Amino acid sequence: PDPSGQMRKVEKRWLGSIQFPFHTLYTTGRIDGTFELDCPPHHIGYTRDTKAGGGGKKDRRPTTIQLCIALDPPLPQPSAS
């Protein structure tokens, strides 16, 4: 268990990637939401749950990740010279 007493399981499996401009994080101090991942067309060893799509059709929903990235403490804004 971790210090809070919760059990956690960590697995390192690459399923896709996402990029954010650092300028966006720097100026806003936070990025929060659900984002679509850039994924390869096939993941060997993985299949999508076709039951979620219904009717035996291939599931066309994008792979998404929900995350929150914050600068804490915030970085100081540059001063105009």
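Use the structure listed above.
Below or above, wherever it landed, is the structure these notes cover. (Residues numbered from 1 in each chain as written. Predicted model: local features only at pLDDT ≥ 70, side-chain atom pairs only at ≥ 80, totals over all residues. Heavy atoms only, no water.)

1. With respect to the packing of aromatic side chains
- Under the definition given, this model contains two aromatic pairs.
- With a centroid separation of 5.0 Å and 85° between ring planes, the pair formed by phenylalanine 20 and phenylalanine 35 is classed as edge-to-face. One end of the pair, phenylalanine 20, is in the segment before helix H1 (22-28); the other, phenylalanine 35, is in strand E1 (residues 30-36), with 15 residues separating them in the sequence.
- By relative accessible area, phenylalanine 20 is classed as partly exposed at 28%.
- Aromatic side chains phenylalanine 22 and tyrosine 26 sit 5.9 Å apart centroid to centroid with 25° between the ring planes, which places their arrangement in the stacked category. A residue pair is termed a helical-turn pair when its members lie 3 or 4 positions apart in one helix, as phenylalanine 22 and tyrosine 26 do in helix H1 at four residues. (Phe/Tyr/Trp six-rings, centres within 6.5 Å; stacked < 30°, edge-to-face > 60°. Helix = DSSP H or I, 4+ residues; strand = E, 2+ residues; numbered from the N terminus. Buried < 20%, exposed > 50% of the residue type's maximum accessible area, 1.4 Å probe, protein only.)

2. What about the pattern of salt bridges?
- Summed over all chains, the structure comprises three salt bridges.
- A salt bridge links lysine 9 to glutamate 11, with the nearest nitrogen and oxygen atoms 3.1 Å apart.
- Glutamate 11 sits in the partly exposed class, given a relative accessible area of 44%.
- Where glutamate 11 meets arginine 13, a salt bridge forms, and the shortest distance between an N and an O atom there is 2.8 Å.
- Residue arginine 13 is classed as exposed on the basis of its relative accessible area, which comes to 55%.
- Each of the salt bridges in this network shares a partner with another, and the network as a whole consists of Lys9, Glu11 and Arg13. (Salt bridge = Lys/Arg side-chain N within 4 Å of Asp/Glu carboxyl O.)

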